[in-house]
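# Structural description and commentary
Residues per chain are reported as follows:
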Amino acid sequence: MLRDPRLAAAVDGLGRELVKGEIRGAQDRARAGALPPAEIVDAVLDALPGAPVTLTPVLNASGVLLHTNLGRAPLSDAAVRALAEAAGTNDVELDLATGRRGRRGRGALDALRAAVPTAGDVHVVNNGAAALALAATALGGPGRTIVIARGEMVEIGDGFRLPELLESTGTRLREVGTTNRVNAEDYSRAIDDTTAFVLKVHPSNFVVSGFTSSVPPAELRDLGVPLVVDIGSGLLAPHPTLPDEPDMTTTLAAGVDLVTSSGDKLLGGPQAGIMAGDAALVQRLRRHPLARALRVDKLTLAALEATLRGPRPPVVAGLEADPAELWERAERIAARLRAAGLDAEAVRSVAAVGGGGAPGVDLSSAAVSLPERCAETLRAGRPAVLGRVTDGRCLLDLRAVPPGDDDELARLVLRAEAPA
């Protein structure tokens, strides 16, 4: 079977062992009577992935723009092309004019400075948690304390808790205020000779409402210690759809010394931790020994630069999608599926930002409603389709689906629902 000319390209591109494994699986099905022997090669070709990895491509029709289990932000076409450019040898840390060592990631850092004009300098590490860990390690350590409001001691996902992350650096936390209320005096009374910095964390994955109060960064900038703010979501500038979501440019303008965020959320780029603020402070963090362990590779730098310089990424396009256009798309897809005999209809839907960003913000959307059983059959395909089950129906929400993928979405539904 491996010598079949129809499999030659697959063997060259994916490797002999991977193709052999698929052949053996198809042969086992043929021996069990589940597959005609003459169709073994066709079955192997259908089952082979596009690349020798176990990751399955998924079309995100869940209605969550930043789905953590799907890798959060999908990269733009420009960023994908940048990854291909960066995959080979390049001048990531070489000055071609002199032939000597150059400034690592200069293009991405220059693009980030341009995108955040209120920053004295910027730095990039491998994720948002790493940015906070670097700040706590470089500024804190044994015998030092971080002042933080009790209501901002959040869990950031998969059981990881921010207090434990910070305390793992050897720095102690000094909690101020109560779960629901904190004021400026609470902070000022907590400052002493051991204070490394004051930390404010945007509670980006939950909302506390009712009898609450918090202190804006502008009221904490004159406490005599550095003020660090983690905005979480990676919004670099204000966005009209998310008026309550903090952004890096505005936060720094309020007098904050250092702002940290993720790069793979509302920024729409690769996984990264973004740090921006006072030039001397950022340089101090950049030169700390831990920064070497947390640095990003050339692929991340390339994708980040392309995200910053290129056209709007898919996350922003989804955030700015017109609900009327989403409805028209849902109607077209549903009509095509009904014409093929499927139980499909267009319905109004509500989408979410997700990924720990803009909690409580509802995004008007539209979806294709299918029988509930479709949720499982669509997840079993390749590419897979992830919808959501609501009131006994499988909804394929279009907020996170690029318009160019509508035909593919319809094709995958028809394939999944085709008679056996």
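Scroll up to find the structure this text is about.
Let me begin by describing the structure that accompanies this report. (Residues numbered from 1 in each chain as written. Predicted model: local features only at pLDDT ≥ 70, side-chain atom pairs only at ≥ 80, totals over all residues. Heavy atoms only, no water.)

### Comments concerning the overall build of the protein chain
The secondary structure content of the protein chain amounts to 16 helices and 18 strands. Taken along its principal axes, the extent of the C-alpha atoms in the protein chain is 80 × 60 × 35 Å. Taken over 420 residues, the protein chain has a buried fraction of 46%. Sequence-distant contacts, at least 24 apart, represent 72% of the contacts inside the protein chain between residues at least 6 apart. Element-wise, carbon and sulfur atoms account for 51% of the exposed surface of the protein chain, whose accessible area totals about 20,400 Å². (Helix = DSSP H or I, 4+ residues; strand = E, 2+ residues; numbered from the N terminus. Buried < 20%, exposed > 50% of the residue type's maximum accessible area, 1.4 Å probe, protein only. Contact = heavy atoms within 4.5 Å. Areas by Shrake-Rupley, 256 points an atom, 1.4 Å probe, with all protein chains shown as cover.)

### Considering the sheet that holds strand β13 (residues 273-277)
Taken in spatial order, the seven strands line up as β5-β13-β12-β11-β10-β6-β9 in an open sheet, and their pairing is mixed. Across the chains shown, the open sheet's two edge strands, defined by having one partner strand only, are β5 (121-125) and β9 (172-176). With strand direction ignored, the average angle separating the axes of adjacent strands in the sheet is 25°. Its contacts with the sheet put helix α5 (residues 106-115) on β5 and β13, and the angle it makes with β5 is roughly 125°. (Pairing = 2+ DSSP bridges. Axes fitted to C-alpha atoms, helices over the stretch in contact; angles between N-to-C directions.)

### Thoughts on the environment of glycine 387
Topologically, glycine 387 is positioned in the loop between β16 (384-386) and β17 (388-390). Glycine 387 sits in the buried class, given a relative accessible area of 18%. Residues glycine 387 and valine 368, 19 residues apart in the sequence, show an inter-C-alpha distance of 9.6 Å.

### Some details on the packing of aromatic side chains
Under the criterion given, the structure shown has zero aromatic pairs. Note that arginine 181 overlies the ring of phenylalanine 211, its terminal NZ or CZ placed 4.1 Å from the centroid. The lysine or arginine in question, arginine 348, covers the ring of tryptophan 327, its NZ or CZ lying 3.9 Å from the ring centre. (Phe/Tyr/Trp six-rings, centres within 6.5 Å; stacked < 30°, edge-to-face > 60°. Lys NZ or Arg CZ within 6 Å of the ring centre and 35° of its normal.)

### Quick look at the nonpolar core
Within the largest apolar cluster, 32 residues are counted, with the highest numbers of intra-cluster contacts made by Val124, Tyr187, Met248 and Ile274. Ignoring sequence-local partners within four residues, the contact set of isoleucine 274 consists of Leu112, His123, Val124, Met248, Val259, Thr260, Ser261, Ser262, Gly263, Leu267 and Leu304. (Core = buried A, V, L, I, M, F, W, Y, C linked by side-chain atoms within 4.5 Å.)

### Re the side chain of threonine 169
Within the secondary structure, threonine 169 is located in the loop between α7 (162-167) and β9. Looking at threonine 169, its side chain comes within polar contact range of the main-chain oxygen of leucine 166, at 2.6 Å. (Polar contact = N/O pair within 3.5 Å; in protein donor to acceptor, adjacent residues only side chain to side chain.)

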